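Structural description and commentary
Here are the chains, one letter per residue:
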Amino acid sequence: MDAPTSTPAQTVGRPLAIVLGLLTIFGPISMDLYLPVLPALTADLQSTTSVAQLTITACLLGLALGQIIAGPLSDRFGRRTPLLIGVIAYTATSALCAISPTVETLIAARFVQGLAGAVGIVIAQAAGRDVYSGGKLLRYYGRLTVLGGLAAIIGPVIGGQLATVTDWRGVFLFLAAVGVAILIACLLVFRETLPPDSRTAGGLSHTLSDFRRLLADRVFVGAVLITGFTYSAIFAYLSGATYILQGMYGLSPQGYSLAFGLNSLGFVVFGFIGGRLSERWSERGTLAAGLVMTVSGSLGLLATALLHLPLIAIILSLFTMVSGVAVTSPPATSLALKDYPDIAGTASSLLGLARFAFGGLAAPLVGIGGADDPVPFGIVAAVAAGAAALSLALVRVPRSSSS
């Protein structure tokens, strides 16, 4: 690697650290805020459960593809300009979602919203790699996991409360307001973190060469697959839990938001633990521990679906699975990005592609049996967790010479 490793961590002020953290809420807020009103949205637009869930899939796929575009562009042109363009587009498309007359229009708007929101996610990870290294980098990725979990707590809780005073359109207007707030914060605080002499040169061929370099590294590929498969389980939960907990177990939107918040609290706590364990113990050992939790929770969900166990069983299983995913996130992100300071945006984009594309493919599978059948949810979660556990073998081998 011919680019210098960036090590200006001591110059990072608290305002910049806060803004970098805020950028991570694009995904969770976009996904989670309207989940409590998803059944009402389905009825209002005269849609079916599976078609309405495509609004989740469209956003996830947009978040995945947007990162593939934004990551390499940020390596070439810097972080700030792509970020500002992305936040502006996110705000505009959130407003477009609010005025969508049909479910088909909403699905299209959600896809574009995902494309725009992806910019914030990829740049939060890449800019963190610009300004942190070593133990500080691990702690930073741990904080991103925690903040993502906090957003997941705040999103459905706020969404549940908004449902008492407005409809689903008002929820999307709230997302537009969030976009405005983040835009102001970026304009005031975010300064370029990637110096011109550290940027990549060349066009598409150079980007494809960078992708080939990354995909030749088995540890990188293993970390990406673990991230993708574990987040498939998470997004299956995001897609299916609202129907199962409200429809089958009779929870109100407010009750669902509280149950969701409890599980997200586990994500926050164990995301923090995952970052600390990776720093003090080992990244690979922490990954293994997180995957044990993820597999155990997903098997509990499948057993709950097959045996029709009570509400407490599904809550405990969800808590275990979600917390396990949180444990895996900091070490997987660090393993994927720490050896690629010169192409951190490109590396981050592949990590994000796996996270959201895998999740986008898993989400609609949850609804194939209808809103009253939890078995597909359990199967998707268990298969995804098992695939993630098998991918652990890749990060146990030495890195290839390409890195």
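Residues numbered from 1 in each chain as written. Predicted model: local features only at pLDDT ≥ 70, side-chain atom pairs only at ≥ 80, totals over all residues. Heavy atoms only, no water.

Moving on, we come to helix α15 (residues 344-362). For α15, which comprises 19 residues, the first-to-last C-alpha distance of 27 Å matches the rise-based estimate of 27 Å (1.5 Å per residue) to within 8%. When you tally the buried positions in α15, you get 16 out of 19 residues, the bulk of the element. (Helix = DSSP H or I, 4+ residues; strand = E, 2+ residues; numbered from the N terminus. Expected span 1.5 Å × (residues − 1). Buried < 20%, exposed > 50% of the residue type's maximum accessible area, 1.4 Å probe, protein only.)

In this structure, the largest pocket occupies an estimated 330 Å³ of space. Every element with two or more residues in the lining of the largest pocket is listed here: α1 (14-23) and α8 (134-162). Classifying every residue of the lining of the largest pocket by side-chain character gives 12 nonpolar, 1 polar and 4 charged. Within this model, the second largest pocket holds a volume of roughly 190 Å³. In terms of lining residues, the second largest pocket is bounded by G66, I69, A70, L73, F77, P82, I85, G86, A89, L115, A116 and V119. Taken together, the elements giving at least two residues each to the lining of the second largest pocket come down to α5 (54-77), α6 (80-98) and α7 (103-131). Among the elements that take part in the lining of the second largest pocket, α5 stands out by supplying 5 residues, more than any other. (1 Å grid on protein atoms, 1.4 Å probe; cavity = no way out; pocket = protein on both sides within 12 Å on 5 of 7 lines; lining within 4 Å. Points joined across faces, edges and corners; volume = space filled by probe spheres on them. Nonpolar A, V, L, I, M, F, W, Y, C, P; charged D, E, K, R; others polar.)

With that settled, consider the confidence of the model for the chain. Taken residue by residue, the chain gives an average pLDDT of 83. The fraction at 70 or more is 93%. Across residues 1-10, where pLDDT falls below 50, the model places 21 contacts with residues more than four positions away in sequence or in other chains. (pLDDT = per-residue confidence, 0-100. Contact = heavy atoms within 4.5 Å.)

Where two cysteines share a covalent bond between their sulfur atoms, that bond is called a disulfide. Taken as a whole and assessed by the stated rule, the structure comprises 0 disulfides. Unpaired in this structure, C59 has its nearest cysteine sulfur neighbour in C97, at a distance of 7.9 Å. C186 takes part in no disulfide bond, and the closest cysteine sulfur to it belongs to C59, at a distance of 18 Å. When its relative accessible area of 1% is taken as the criterion, C186 is described as buried. (Disulfide = S-S within 2.5 Å.)

Between its first and last C-alpha, helix α14 (residues 311-337) extends 39 Å over 27 residues, near the 39 Å set by a 1.5 Å rise per residue. At S329, α14 is deflected by roughly 30°, the largest bend along its length, and proline P330 occurs up to four residues later in sequence. With 22 of its 27 residues buried, α14 lies for the most part within the structure. (Bend = angle between axes of the 7 residues up to and from the residue.)

Mapped onto the secondary structure, A126 falls in helix α7. Between the C-alpha atom of A126 and that of L194, which follows or precedes it by 68 residues, the distance is 9.2 Å. Here A126 is in contact with R79, A344, G345 and S348, once residues within four sequence places are set aside.

Here we take up unusual backbone geometry. Here the phi dihedral of Q46 falls at roughly 55°; this positive angle occurs in a residue that is not glycine. Residue position: Q46 is located in the loop between α3 (38-44) and α4 (49-52). For H308, which is not glycine, the phi dihedral falls at a positive 55°. Its location among the elements puts H308 in the loop between α13 (283-307) and α14.

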